[in-house]
Amino acid sequence: MAAIGIRNLSKSFDGFQALSKFSLDVQQGEFLTLLGPSGCGKTTLLKIISGFLEPSTGSISIGGEDITHVPPESRDTALCFQSYALFPHLNVLQNLEFGLKQKRVSRDQRDARVSEVAAKLGLETQLSKLPNQLSGGQQQRVSLGRALVMRPSVILFDEPLSNLDAKLRDQVRVEIRRIQQDYSLTAIYVTHDQSEALAMSDRIVVLNDGKIVQVDTPEQLYAQPKTRFVADFIGGANLITGRVCSQTKEGLTSVETLMGQIQTSHRINKSSENVELCWRPERAQIGKGPYCGTIVHRAFQGQFTDLILEENDMIFRIQTNNDRFRVGEVITFSILPDDVVVLEADG
Amino acid sequence: MTMRNWIQIFALLMPGLGLILVLIGSVVYIAIAQSFGYYALLGESAFSTEFWSEVFSRKIFSRAVRYSIYIGFWSAVLSVALAYPLAIWLRKPFPGSIGLGALLKAPLLVHGLVAAFLYINVISYNGLLNQTMQGIGIWAEPRRLQNDSNAFGVLLLQVWKNMPFALLVLTGSVQGISDDVLDAARDLGAGPWARFRKIIAPLTMSGMQAAMVIIFIGALADFTFQTTVGPTNRQSMAQLMVSFKSRGDWHSAAVVGVSLMIIALLGSALLALLTRTVMRGSPR
């Protein structure tokens with residue numbers, strides 16, 4: 001049985017359809033990320049799961065039990081807020097204990113759980129401090145600890161790292177994942193940061209306009225985006241349209257594009273069809289090859305260099321470890337058929 | 001900080017603070033001095049504790065003190081108790097909330113004396129309330145409702161007049177609490193009462209204390225409502241003070257005035273402490 005079952009969930013606000021017939025199962029112990037641009041419905045979905053919003057139609061169950069109309073205070077979920085939402089008048093210890101007191105957990109149990117979580121999150125020396133005496137990372141840990149002591153069936157994260165600086169974000173990201181695995185928690189994580197989603201998740205749900213566009217593992221999502229939206233949203237992508245011109249017995253399809261003929265090993269059902277292809281910038285193999293372009297922009301990124309190429313009024317992007325290329329140079333490159341993905345039409 | 005800084009701060013504060021200190025200080029000084037026999041308007045001015053002992057020995061004084069504290073305390077408590085749910089309700093805008101908020105604050109613009117006369121017209125022997133109750137058959141004959149001995153009329157008017165002020169103060173405080181903090185409490189299992197007691201009340205403590213203290217001081221020294229709708233068998237401290245003054249006994253009036261100031265000061269401190277103790281909740 002799935003830890004969370006979402007069936008045909010829809011939510012509209014004054015005529016605006018925030019979620020549309022959304023169905024999804026989340027497995028016990030899974031770390032699932034809801035990823036999408038602002039306004040795609042991910043926070044609405046999280047608020048419906050946590051009980052702060054009622055769906056217009058559809059149902060939600062946790063552990064097989066229908067909780068669609070159960071108020072947030074009675075749900076077995078814990079939410080980590082983007083703003084941390086720590087109680088400013090209570091110290092760290094009192095913040096951590098708050099939920100346990102509401103649930104009337106005995107003093108001994110309370111002390112044991114708080115001590116365990118405080119030790120796990122490195123908060124032992126901060127227990128008597130007020131939230132405004134803590135750094136952003138420490139506040140984030142208290143927020144996480146406050147949810148963890150409740151030992152919920154499901155833990156929900158609403159863009160918890162968005163207020164942290166880049167370095168701290170990387171560090172807390174690892175901590176959240178470690179703790180989720182240590183406690184075998186079922187987690188739903190909302191973010192619009194694709195690198196965060198790729199780094200942390202077991203599965204990613206890409207949302208757009210209140211609908212699921214693709215649900216997959218991070219690796220699959222990156223390597224096999226189904227639509228232009230997913231390809232463009234997850235990592236960098238070069239998108240090009242073309243017409244299928246031939247198919248070989250080995251399963252290779254040649255597509256005529258403005259770049260020239262591009263071969264893909266991915267299946268295309270109908271011949272002489274207009275298709276959209278996608279290839280990742282780092283998959284380009286610089287050196288000999290059928291394609292070429294003039295470098296119009298160069299951005300050194302440390303581990304790699306981004307090169308923007310122009311050819312036949314087309315702009316495309318490639319990434320290389322070689323930092324010697326300069327603007328104005330013409331380079332040739334090839335792309336392996338396995339690295340060219342055929343996209344489905346959006347929507 | 002250097003002496004120069006201190007002088008600069010002192011000089012900057014003087015125009016405002018100096019005036020306040022001079023005005024308040026002179027009144028307080030005159031009242032205290034008069035209560036000890038100085039500044040006599042009639043007769044000889046000389047130090048004496050006679051007026052204190054005389055006023056304190058009179059039953060009418062102790063009754064006035066108890067009565068004024070009763071009015072001050074309950075006016076403050078009831079006004080704040082009524083204002084809180086309204087402030088929470090009006091915390092988030094909804095269609096009509098601005099108009100409703102303005103309507104609730106309208107009593108601030110109506111003078112107390114006007115409100116008292118309106119109230120008398122409603123509850124008088126041949127007033128609207130008696131006529132309505134008889135008209136719908138609940139009362140067989142008109143009842144005497146004016147100047148009730150428990151001063152419910154005074155309390156009603158005090159709350160009517162002061163609740164909007166408490167609402168004004170508390171709305172600002174309640175709106176200062178973020179939605180996420182209240183949602184977090186709810187997510188952690190806190191119901192409406194627990195959210196109020198453990199989150200809203202402690203986070204709006206300063207506003208609540210300010211409203212309580214200001215309403216208490218105003219109601220403690222009430223004269224208008226007491227003389228128009230108050231019980232005829234009891235006097236408030238302000239009423240007693242005026243009655244001494246009317247008889248030309250300025251020294252006794254000053255004793256009551258100084259007592260009123262002391263009670264206002266001590267009462268405010270106790271009320272603020274009581275509020276903190278009740279609303280803070282147990283930390284463990």
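Keep in mind that what you see is a predicted model, and the values were worked out from it rather than measured.

Notes on the domain arrangement of chain A
All names here are of chain A.
Here's step 1: What the domain assignment lists for chain A is domain 1 (4-231) and domain 2 (236-343).
Here's step 2: Of the residues lining the interface, six residues belong to domain 1; the matching set on domain 2 comes to six residues.
Here's step 3: For the side of domain 1 that touches domain 2, the class distribution of residues is two nonpolar, two polar and two charged.

Some details on the nonpolar core
Here's step 1: Among the nonpolar cores identified, the biggest contains 141 residues, and Leu156(A), Ile188(A), Val206(A), Ala166(B), Leu170(B), Ala211(B) and Val256(B) are the most heavily contacted of them.
Here's step 2: At 11 residues, the largest contribution of residues to this core is made by helix H7 (residues 152-175) of chain B.
Here's step 3: A domain-level breakdown of this core finds at least three residues from each of domain 1 (4-231) and domain 2 (236-343) of chain A.

Side note on the sheet that holds strand S11 (residues 238-247) of chain A
Residue and element names in this part refer to chain A.
Here's step 1: The five strands lie next to each other as S13-S12-S11-S14-S19, forming an open sheet whose pairing is antiparallel. Lying at the two open borders of the sheet, with one neighbouring strand each, are strand S13 (260-264) and strand S19 (341-343). The average angle at which neighbouring strand axes cross in this sheet is 45°, direction not considered.
Here's step 2: When strand S14 (residues 274-279) meets S19, the two strands line up antiparallel, connected through three bridges. Following the sheet pairing, Cys 278 is matched in S19 by Val 341.

Observations regarding the interface of chain A and chain B
Here's step 1: Facing 17 residues of chain A, the contacting portion of chain B comprises 16 residues.
Here's step 2: Ranked by residues supplied to the side of chain A that touches chain B, first place goes to helix H2 (residues 92-102) of chain A with four residues.
Here's step 3: In the side of chain A that touches chain B, the residues fall into nine nonpolar, six polar and two charged.

Considerations on the environment of Ile155(A)
Residue and element names in this part refer to chain A.
Here's step 1: Relative to the elements of secondary structure, Ile 155 occurs in strand S7 (residues 154-158).
Here's step 2: Judged by local crowding, Ile 155 falls into the buried class, with 24 C-beta atoms found within 10 Å.
Here's step 3: For the pair Ile 155 and Val 327, spaced 172 residues apart in sequence, the C-alpha separation works out to 49 Å.
Here's step 4: Not counting chain neighbours up to four residues away, the residues in contact with Ile 155 comprise Ala 78, Ala 147, Leu 185 and Ala 187.

As for unusual backbone geometry
All names here are of chain A.
Here's step 1: Positive phi, normally seen in glycine, also occurs at Ser 184, with a value near 50°.
Here's step 2: Residue position: Ser 184 is located in the loop between helix H5 (166-182) and strand S8 (186-191).
Here's step 3: The backbone of Asp 313 shows a phi angle near 60°, a positive value even though the residue is not glycine.
Here's step 4: Mapped onto the elements, Asp 313 comes out in the loop between strand S16 (305-311) and strand S17 (314-320).

Thoughts on the sheet that holds S16(A)
Backbone hydrogen bonds hold the strands of a sheet together, and the pairing may be parallel or antiparallel.
All names here are of chain A.
Here's step 1: Taken in spatial order, the four strands of this open sheet run S17-S16-S15-S18, and their pairing is antiparallel. Pairing within the sheet leaves two strands with one partner each, and these edge strands are S17 and strand S18 (330-334). Each strand of the sheet is rotated relative to its neighbour by a mean of 50°, with strand direction disregarded.
Here's step 2: In terms of strand pairing, strand S15 (residues 285-300) meets S16 through six bridges, oriented antiparallel. Its bridge partner being in S16, His 297 is matched across the sheet by Ile 308.

So, the pairing of S11(A)
Residues and elements named next belong to chain A.
Here's step 1: For S11 and S14, the ladder comprises six bridges, and the chain directions are antiparallel. Following the sheet pairing, Asn 238 is matched in S14 by Trp 279.
Here's step 2: Pairing between S11 and strand S12 (residues 253-257): four bridges, direction antiparallel. Across the sheet, residue Ser 246 finds its bridge partner in S12, namely Ser 254.
Here's step 3: Counting the residues in the hairpin turn of S11 and S12 gives five residues, including Gly 251, whose phi is positive at 90°.

The rules we used
Residues numbered from 1 in each chain as written. Chains lettered and ligands numbered in written order. Predicted model: local features only at pLDDT ≥ 70, side-chain atom pairs only at ≥ 80, totals over all residues. Domains from an automatic or database assignment. Contact = placed C-beta atoms within 7 Å. Nonpolar A, V, L, I, M, F, W, Y, C, P; charged D, E, K, R; others polar. Core = buried A, V, L, I, M, F, W, Y, C linked by C-beta atoms within 7 Å. Buried ≥ 20, exposed ≤ 12 C-beta atoms within 10 Å, placed from the backbone. Helix = DSSP H or I, 4+ residues; strand = E, 2+ residues; numbered from the N terminus. Pairing = 2+ DSSP bridges. Axes fitted to C-alpha atoms, helices over the stretch in contact; angles between N-to-C directions.

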